Amino acid sequence: MKIATAAYPVSWCSTWEIYAQKQRDWVMKASSNGADLVVFPEYGAMELAALAGETAAGDIQGSIDAVSERQPEMNKLFADLAEEFAMHILAPSAPVREATRTVNRAGLFTPTGVAGFQDKQIMTRFERDDWNVSGGGPLKLFETAIGKVGVLICYDSEFPLLGRALVEAGAEIILVPSCTEALEGYWRVRVGAMARALEGQCVTVMSSLIGNEPRLFGVESNSGMGGIFGPMDQGFPPTGVLAEGNLNKAGWTYASVDRAKIAHVRADGHVLNALHWGEQAPRASDVTLEALA
């Protein structure tokens with residue numbers, strides 16, 4: 001399959017028509033380059049806050065409420081685009097009000113009209129302390145026509161047991177939509193995504209929100225680029241980098257991914273990280289202190 005992952009520039013969309021056309025233009029571009037799966041970034045949906053005006057968009061709770069209220073329309077938009085362009089789409093994640101809490105949720109839309117949703121599991125300090133966003137529902141594995149797909153939203157990719165749970169469930173591809181303000185944030189998520197590809201002998205796909213829009217609370221400034229990573233083993237690049245974009249340059253990054261290569265490297269790679277994972281436990285639980293001074 002061909003995967004497209006975004007370095008997506010945040011912008012002020014003053015009307016629904018402007019927002020919807022922007023999404024359609026991006027999907028159409030990926031489709032014209034043969035993409036079967038496209039990955040938008042974390043919190044890309046914060047653009048929807050602009051529809052409620054500058055006061056709401058620049059406010060902590062106002063921006064969350066404005067975006068959450070638009071979720072039915074946004075979901076329909078991406079469901080229609082997935083069907084029209086015959087592709088799988090991981091839509092931009094959004095803060096969604098659920099009963100008494102707010103979660104960070106990303107939707108995976110298929111060409112057949114079936115959709116699944118993944119909530120972020122572990123919140124950053126900003127999400128906890130400023131936004132009061134909570135960890136959401138269970139970690140899920142999506143069985144699709146293009147393979148078994150998991151989603152680790154941004155910070156989640158930095159926790160190996162989450163990636164391991166998806167691999168043990170059968171994940172071949174793990175999507176990592178991200179939103180990072182500073183360069184060190186981008187590299188934390190990228191290193192996490194590459195580590196999960198190494199450990200799980202799978203493919204990870206990182207997208208990034210980029211650009212500046214001071215009127216949108218929480219996503220005023222963003223850094224990153226797209227990247228698609230695999231294990232450093234036979235059938236994959238020695239660096240593990242299948243493709244990467246250019247820092248803070250808007251556009252899609254593309255790579256072709258062969259699921260058979262994932263299966264092969266897991267069964268008969270030069271190393272077998274996924275298979276040998278369990279050998280850590282007895283060794284890690286028996287640490288001996290040895291004084292050398």
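Our structure's up above, just so we're on the same page.
Residues numbered from 1 in each chain as written. Predicted model: local features only at pLDDT ≥ 70, side-chain atom pairs only at ≥ 80, totals over all residues. Heavy atoms only, no water.

Draft legend 1. Expanded view of the nonpolar core. Ranked by size, the top nonpolar core spans 47 residues in total, and within it V38, F40, F78, I89, L216, V219 and W252 carry the most contacts. Taken together, the elements giving at least two residues each to this core come down to β1 (2-9), α1 (16-32), α3 (60-69), α4 (71-84), β4 (94-98) and β5 (101-109). Not counting residues up to four positions away in its chain, the partners in contact with F78 are Y19, Q23, F40, I89, A91, P92 and F109. (Core = buried A, V, L, I, M, F, W, Y, C linked by side-chain atoms within 4.5 Å. Buried < 20%, exposed > 50% of the residue type's maximum accessible area, 1.4 Å probe, protein only. Helix = DSSP H or I, 4+ residues; strand = E, 2+ residues; numbered from the N terminus. Contact = heavy atoms within 4.5 Å.)

Draft legend 2. How the structure looks around helix α6 (residues 160-169). All buried positions along α6 are accounted for by L162, G163, R164, L166 and V167. Buried-residue contacts for α6 involve β8 (141-144), β9 (147-151), β10 (173-178), α7 (183-200), α8 (259-268) and α9 (273-276). Just past α6, the residue G170 takes up positive phi, approximately 115°.

Draft legend 3. Highlighting the pattern of salt bridges. Summed over all chains, the structure comprises 15 salt bridges. The partner of R215 in a salt bridge is E213, with the nearest N and O atoms 2.9 Å apart. For R215, a relative accessible area of 32% puts it in the partly exposed group. Take E213: its relative accessible area is 8%, and that puts it in the buried class. Via salt bridges that share partners, E98, R101, R105 and D119 belong to a single interconnected network. (Salt bridge = Lys/Arg side-chain N within 4 Å of Asp/Glu carboxyl O.)

Draft legend 4. Local environment of the layout of surface pockets. In this structure, the largest pocket encloses a volume near 570 Å³. As for the largest pocket, its lining consists of 27 residues, and the residues nearest its centre are T124, F126, C179, T180 and E181. Of all the secondary-structure elements, those providing two or more residues to the lining of the largest pocket are α5 (125-131), α7 and β12 (221-222). Here the element with the most residues in the lining of the largest pocket is α5; it accounts for 5 residues. Of the residues assigned to the lining of the largest pocket, the class counts are 11 nonpolar, 6 polar and 10 charged. (1 Å grid on protein atoms, 1.4 Å probe; cavity = no way out; pocket = protein on both sides within 12 Å on 5 of 7 lines; lining within 4 Å. Points joined across faces, edges and corners; volume = space filled by probe spheres on them. Nonpolar A, V, L, I, M, F, W, Y, C, P; charged D, E, K, R; others polar.)

Draft legend 5. Spotlight on the side chain of D233. Summarising the element assignment, D233 is placed in the loop between β13 (227-229) and β14 (241-244). Despite its burial, D233 pairs with no opposite charge, the nearest such side chain being R266 at 11 Å. Polar side-chain contacts of D233 include one of 3.0 Å to the backbone nitrogen of H270. Once you skip the residues sitting within four places of it in the chain, D233 turns out to touch Q201, V265, G269, H270 and V271. (Lys, Arg positive; Asp, Glu negative; His and termini not counted. Polar contact = N/O pair within 3.5 Å; in protein donor to acceptor, adjacent residues only side chain to side chain.)

Draft legend 6. Molecular detail of empty space enclosed by the protein. Going through the model one piece at a time under the given rule, you end up with 2 cavities of 30 Å³ or more. Approximately 40 Å³ is the volume found for the largest cavity. P160, G163, R164, V167, I174, R196, E199, G200 and W277 are the residues that line the largest cavity. For the lining of the largest cavity, the secondary-structure elements that each account for two or more residues are α6 and α7. In terms of residue class, the lining of the largest cavity is made up of 4 nonpolar, 2 polar and 3 charged. Its volume calculated, the second largest cavity comes out at about 30 Å³. Every residue along the wall of the second largest cavity is listed here: L198, Q201, P231, M232, D233, V271 and N273.

Draft legend 7. Looking closely at the packing of aromatic side chains. On inspection of all chains with the given rule, the structure shows 14 aromatic pairs. Judged by centre distance (5.3 Å) and plane angle (70°), the ring pair of F40 and W252 falls under edge-to-face. Placement of the pair is F40 in the loop between β2 (37-39) and α2 (54-57) and W252 in strand β15 (residues 251-256), with a sequence separation of 212 residues. We classify F40 as buried; its relative accessible area is 0%. With a relative accessible area of 12%, W252 lands in the buried category. On the numbers, 5.3 Å between centres and 75° between planes, the contact of Y186 with W187 is edge-to-face. Looking at Y186, the relative accessible area reads 1%, which means it is buried. Residue class for W187 comes out partly exposed when judged on its relative accessible area of 40%. Here a set of aromatic residues connected by ring pairs shows up, and it is made of Y8, W26, F40, F78, F109, F117 and W252. In this arrangement the basic side chain of K2 is found over the ring face of Y254, its NZ or CZ atom lying 5.1 Å from the centre. (Phe/Tyr/Trp six-rings, centres within 6.5 Å; stacked < 30°, edge-to-face > 60°. Lys NZ or Arg CZ within 6 Å of the ring centre and 35° of its normal.)

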